[in-house]
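Commentary on secondary and tertiary structure
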Amino acid sequence: MHTIYLDHAATTPMDPRVVEVMQPYFIDVAGNPSSFHTVGLRAKEAVTEARQTIARLLSAREDEILFTSGGTESDNLAVMGIVKAQRQAILSFCHSRAGGNPSDGSPGLRFATPEDDKKPHVMTSAIEHHAVLEPLLHLQKIGEIELTVLPVNREGLVAIKDVRTALKLSTVLVSIMFANNEIGTIEPIADIGREILAWRKEHITPYPLFHTDACQAAGAIELNVEKLHVDLLTMNGSKIYGPKGVGILYIRRGIKIEPLMRGGGQERNIRSGTENVPAIVGLAKAFELVQENRETENARLIKLRDRLAEGLLKIPKTRFNGHPTDRLPNCVNISFMDIEGEAAMLYLDAQGIMISTGSACASSSLDPSHVILATGLSYEAAHGSLRFSLGHSTTKEDVDFVIAVMPKIVERLRQMSPVNLDMKYFN
Amino acid sequence: MNPITPATTDARKGDVVAPTKEKGWFYTDTVKDHFFHPKNFLDGEEDYKDAYLGMVGSPACGDAMKVWLRINKGTDGVERITEFKWKTFGCASAIASTSMLSVMVTENEGLTLEEALKLRPQQIMERLGGLPNRKVHCSVLGDKALRSAINDYYRKTEQTDKIIVEQGRIIDKVLKITDHDIEEAVLEGADTLEKIQHKTKVGTGDPSCIPEVEQLLRFYKEKYFGS
């Protein structure tokens, strides 16, 4: 049976060109970049070259790129590392601004409220990846931070005015993802970045710092840290046809961050551990390839994506999830009412079609997707949500096959279902 | 001698094992068969309006189930289940376990009500060759739906003394609210989840129990008010 892999948002297969450039670093040039001999030096050169490539593509500087073990580590490092390293600084800053006479300040200069110098404040969105949400919820739970989780609208967008409203002098970090992994909605990162810059200028403060998780965006959108006005950016290999287990955290020069791992002092003493040389080389190549072919591949995928969405939405009692246009070129997320996602996923699997669901039954937590729920949909609709994420291998024939088999599967599962939801609650 | 008996292979069948060990998460062939070729599901409810109806779960929690029974009293005076039809909203294990239950209840001329009331999820799982552990509590609801349908039969045949209520069970682990408390609230006139919560605060500390509260609400409303 022909396998139709429509789960590229979960992970992508590797581009053969990426595998090729990685090959020498497994056996022939297998030195430790920290070694002073020739083989070590060759490995170090490879890491340096990879770092330069990535820096160039991000419009960043070489020393601002930090290699990690992937998206989860980069997100954790950004969140935990910034809060820990900046805690004292932001509290002293708030203290210095406390109790002042507003008339002494320049226009707009804000003074800290008595609460501000007790805990650093962090802002994030309700649809973040767990790699950002979980460390933040943990910090909140142990009393280290005050946390604001911004809502999203029904298309999954964060409102810039909400960011503005929630900002305060004690806000040390804002972390908003670039593109969502479940519904594909692209957040207005550059606009939020500008808003934060304006706030800093107006209030004469270096805070807050701005982090974005760009793992899903890296394959489809230009990532220019200057245009985006971000201070930290997460990206990894496993969503861009690169190797798994490798990622980067971009950290703007001069920003202090506390390491999660201590040891041999690699990566400017922020991330100890011997560099994963083949994976780092592969990540740089993969990033280069997806960025070079971005325009052509996006145009191709958008056609297929819209064809698939249009075909599936002809099925009665469906609801499109995500933003109609500000969305990744490869993402289609639809709720099929009255049926449960895991059952649908397995019926599709039997047809050779691999997809994902936001249903609780398919997650280890038994909670349905927090992203779908955050867009205002009910539990019932979240249980019936399916994500089709397209990629390099996807053809028009694949899309047409899915459109052809889906109605039968939905009909079959609805025959078995005792549920008959009223669509007026979902439109 | 080792005083601890090592778990048998059978006992581990339904367990979730580390992803490094193969097969842990996946369903057995029997489960797959019942999932892809479900037995006895009801297509169209028209002909079963007079059947005895049982319900369990809510789609919000991920699993909901309806069961229709036909019960015949034989010449020997024994009541047997002759038909078991169902509809299930849920994952593969929910669909497969209901399908399997329908087979178990109706095979060999059908179970007597006494036998049917004794059926437990473990027996269904055994026939399915095991289920992933975390799937058990949420997806094997068929036996509860079955008991609910049998209660419907007792109610409609005026044998209300036989209606079995599962008593004194703690529903909300945080607030220690039992099914008695829910029953009381219904008797005092609470006929929606909101009203029960207003009276008991159930689910405010442990929201995971809400589907069960909804289920009890339906049960007691049926029992005392017939709707």
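Residues numbered from 1 in each chain as written. Chains lettered and ligands numbered in written order. Predicted model: local features only at pLDDT ≥ 70, side-chain atom pairs only at ≥ 80, totals over all residues. Heavy atoms only, no water.

1. So, the pattern of salt bridges
Residue and element names in this part refer to chain A.
- Applying the stated rule across the entire model yields 34 salt bridges over all chains.
- Between R262 and E258 there is a salt bridge, with the nearest N and O atoms lying 2.9 Å from each other.
- The class of R262 is exposed, set by a relative accessible area of 62%.
- Within the structure, one salt-bridge network assembled from shared partners comprises R200, E226, D231 and R252. (Salt bridge = Lys/Arg side-chain N within 4 Å of Asp/Glu carboxyl O. Buried < 20%, exposed > 50% of the residue type's maximum accessible area, 1.4 Å probe, protein only.)

2. Describing the packing of aromatic side chains
- For the structure on display, the rule yields eight aromatic pairs over all chains.
- Judged by centre distance (5.3 Å) and plane angle (80°), the rings of B:F219 and B:Y220 are edge-to-face. Across this residue pair, the class does not change: B:F219 and B:Y220 are buried.
- Site record: aromatic cluster; members linked through ring pairs are A:Y347, B:F35 and B:F36.
- For B:R70, the ring lying beneath its charged end belongs to B:Y48, and the centroid distance is 4.5 Å. (Phe/Tyr/Trp six-rings, centres within 6.5 Å; stacked < 30°, edge-to-face > 60°. Lys NZ or Arg CZ within 6 Å of the ring centre and 35° of its normal.)

3. Examining helix 10 (residues 210-225) of chain B
Residues and elements named next belong to chain B.
- Along its 16 residues, helix 10 runs 21 Å from first to last C-alpha, staying within 8% of the 22 Å computed at 1.5 Å per residue.
- Looking at helix 10, one finds that the buried residues are P211, V213, Q215, L216, L217, F219 and Y220.
- On the buried face of helix 10, the contacting elements are strand 1 (52-58), helix 7 (142-156), strand 4 (170-172), helix 8 (179-187) and helix 9 (193-200). (Helix = DSSP H or I, 4+ residues; strand = E, 2+ residues; numbered from the N terminus. Expected span 1.5 Å × (residues − 1). Contact = heavy atoms within 4.5 Å.)

4. As for the environment of A:I145
Residue and element names in this part refer to chain A.
- Residue position: I145 is located in the loop between helix 4 (130-141) and strand 4 (146-150).
- A relative accessible area of 2% places I145 in the buried class.
- With residues near it in sequence (within four places) discarded, I145 still touches V83, K119, P120, V122, L136, L139 and Q140.

5. Quick word on the side chain of A:Q216
Residues and elements named next belong to chain A.
- You can see Q216 is positioned in the loop between strand 6 (209-213) and helix 7 (225-228).
- Within the structure, Q216 has its side chain in polar contact with the backbone oxygen of A9 (distance 2.9 Å).
- Those residues within four positions of Q216 in sequence are excluded, and the remaining contacts are A9, A179, N180, N181, K239 and L328. (Polar contact = N/O pair within 3.5 Å; in protein donor to acceptor, adjacent residues only side chain to side chain.)

6. Comments concerning the nonpolar core
- Core analysis: the largest hydrophobic core is formed by 99 residues, its most contacted members being A:I54, A:L58, A:L223, A:L232, A:L233, A:I248 and A:F287.
- The element that contributes the greatest number of residues to this core is helix 8 (residues 277-292) of chain A, accounting for ten residues.
- Of the domains in this structure, domain 1 (24-291) and domain 2 (294-414) of chain A are the two that each give at least three residues to this core.
- Residues contacting A:I54, with those up to four places away along its chain left out, are A:I65, A:F67, A:I248, A:L283, A:A284 and A:F287.
- Of all hydrophobic cores here, the second largest spans 85 residues; its members include A:L301, B:F35, B:I171 and B:I182. (Core = buried A, V, L, I, M, F, W, Y, C linked by side-chain atoms within 4.5 Å. Domains from an automatic or database assignment.)

7. Re empty space enclosed by the protein
All names here are of chain A.
- For the coordinates displayed, the defined rule picks out four cavities of 30 Å³ or more.
- Looking at the second largest cavity, its volume works out to about 290 Å³.
- Contributing to the lining of the second largest cavity are 25 residues, with G219, A220, K239, Y241 and N330 lying nearest its centre.
- Taken together, the elements giving at least two residues each to the lining of the second largest cavity come down to helix 8 and helix 9 (294-313).
- Among the residues forming the lining of the second largest cavity, the class breakdown is 13 nonpolar, eight polar and four charged. (1 Å grid on protein atoms, 1.4 Å probe; cavity = no way out; pocket = protein on both sides within 12 Å on 5 of 7 lines; lining within 4 Å. Points joined across faces, edges and corners; volume = space filled by probe spheres on them. Nonpolar A, V, L, I, M, F, W, Y, C, P; charged D, E, K, R; others polar.)

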